[in-house]
There are 2 protein chains.
Amino acid sequence: MEAIATKKLIDRDEDILQASMAIKSIAHPLRLKILCVLGDQEVSVQDIVDDVGTSQSNISQHLAILRDKGVLCTRKDANRVFYRISDERTLKLVELMRDVFCTA
Amino acid sequence: MEAIATKKLIDRDEDILQASMAIKSIAHPLRLKILCVLGDQEVSVQDIVDDVGTSQSNISQHLAILRDKGVLCTRKDANRVFYRISDERTLKLVELMRDVFCTA
DNA sequence: TGATTATATTTTGATACTTTTATATCCAAA
DNA sequence: TTTGGATATAAAAGTATCAAAATATAATCA
């Protein structure tokens, strides 16, 4: 019972695991909101805290998760840290998620 | 400190919650693999079990999660149930996830 | 009817995740 | 060199998720 004209999605289990872990880091309301607040810009932690609206500690921990998965990267300037989205295609991903899941 | 030319990603908290819940249902290795096995086809539970490789009960639980979030839909034929991906754009999403997160 | 195949649901114990609170570190300005 | 703002880390407590096992439902067949 083989597929006839199936597009290749992800075939290696290793890749499936890696992708699922990265997606998991995005699949939390606060972390998805962080991505939406960042957009294509560089934003300081304090500004993210103000926009997203939870404690600084909580934001910092969620930022660490996104950073550890490679979704975000940082630049330090004096005593402030600026976060931005590492790969601009991540924004396309968020837009597509919105199109598919938010237009009910 | 306002953004100047930021694209609108997801602005309503309600939409962010809905999107994050749907993504969360995909962000598990077995469930992502189920999507990859399905592709654009309709596949029976038993065939999914054979392809993905875990117990029938476990697959059924994961299918229920994807079904409840609207990612999958079903058709029953006699005593078998066939699953397919509800919205074909979900496949685009998986492809983009693969491109962004699996090409390191 | 009784047996068999296919799928779904419930329960349980373990593990992982999230939030909160408290504390620590880093850096610049005074 | 102390002070205060900004960020990170740690520990604790609450909550959610997971896989496995057992059980249940539903359709088919003998």
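Only a predicted model underlies this, so the values are computations on that prediction, with no experimental measurement involved.

Criteria and thresholds
Residues numbered from 1 in each chain as written. Chains lettered and ligands numbered in written order. Predicted model: local features only at pLDDT ≥ 70, side-chain atom pairs only at ≥ 80, totals over all residues. Heavy atoms only, no water. Pairing = 2+ DSSP bridges. Helix = DSSP H or I, 4+ residues; strand = E, 2+ residues; numbered from the N terminus. Contact = heavy atoms within 4.5 Å. Axes fitted to C-alpha atoms, helices over the stretch in contact; angles between N-to-C directions. Least-squares fit on C-alpha atoms with pLDDT ≥ 70 in both. Buried < 20%, exposed > 50% of the residue type's maximum accessible area, 1.4 Å probe, protein only. Near = heavy atom within 4 Å. Polar contact = N/O pair within 3.5 Å; in protein donor to acceptor, adjacent residues only side chain to side chain. Nonpolar A, V, L, I, M, F, W, Y, C, P; charged D, E, K, R; others polar.

Please explain the sheet that holds strand 1 (residues 43–44) of chain A as it appears in this structure.
Hydrogen bonding along the main chain pairs the strands of a sheet, whether they run parallel or antiparallel. Residue and element names in this part refer to chain A. Judged by pairing direction, the sheet is antiparallel, and its three strands sit side by side in the order 1-3-2 without closing on themselves. Among the strands making up the open sheet, the edge pair consists of strand 1 and strand 2 (72–77). Here helix 2 (residues 29–38) sits on the sheet and contacts strand 1, strand 2 and strand 3 (80–85); the angle it forms with strand 3, its principal contact strand, is near 90°.

Help me out: how do you make sense of the relation of the copies chain A and chain B in this one?
In this arrangement, two copies of a chain are superimposed by a rotation about an axis accompanied by a shift along the axis. Overlaying chain A on chain B yields an RMSD of 0.1 Å, the required transformation being a rotation through 179° with an accompanying axial translation of 0.0 Å. What the rotation and shift describe, once combined, is the action of a two-fold rotation axis. In this assembly, 100% of the residues forming the interface of chain A have copies in chain B that are likewise at the interface, indicating an isologous arrangement.

What is the right way to look at the environment of Ser20(A) in this model?
Mapping Ser20(A) onto the fold places it in helix 1 (residues 13–26). Judged by its relative accessible area of 1%, Ser20(A) falls in the buried class. Sequence separation between Ser20(A) and Glu88(A) is 68 residues; the distance between their C-alpha atoms is 19 Å. Apart from the residues within four sequence positions on either side, Ser20(A) is in contact with Ala27(B), His28(B), Pro29(B) and Leu32(B).

Would you mind going over unusual backbone geometry with me for this structure?
Leave glycine aside and you will find that most residues have negative phi; peptide bonds, for their part, are mostly trans. Residues and elements named next belong to chain A. With a phi close to 55°, alanine 78 is a non-glycine residue in the positive phi region. When you line up the elements, alanine 78 lands in the loop between strand 2 and strand 3. Note on alanine 78: relative accessible area 67%, which makes it exposed.

Hey, could you run me through the protein's contact with DNA strand C in this one?
Looking at DNA strand C, there are 23 residues lining it, with Ser57(A), His62(A), Gln46(B), Ser57(B) and Tyr83(B) nearest. Sugar and phosphate atoms represent 62% of those atoms of DNA strand C found within 4 Å of the protein. Lys24(A) is positioned such that a nitrogen or oxygen atom in its side chain is 3.1 Å from a phosphate oxygen of DNA strand C. Counting residues per element, the surface near DNA strand C draws most heavily on helix 4 (residues 56–68) of chain B, at five residues. Of the residues assigned to the surface near DNA strand C, the class counts are five nonpolar, 13 polar and five charged.

Keep in mind that these numbers describe shape and distance, not what the molecule does.
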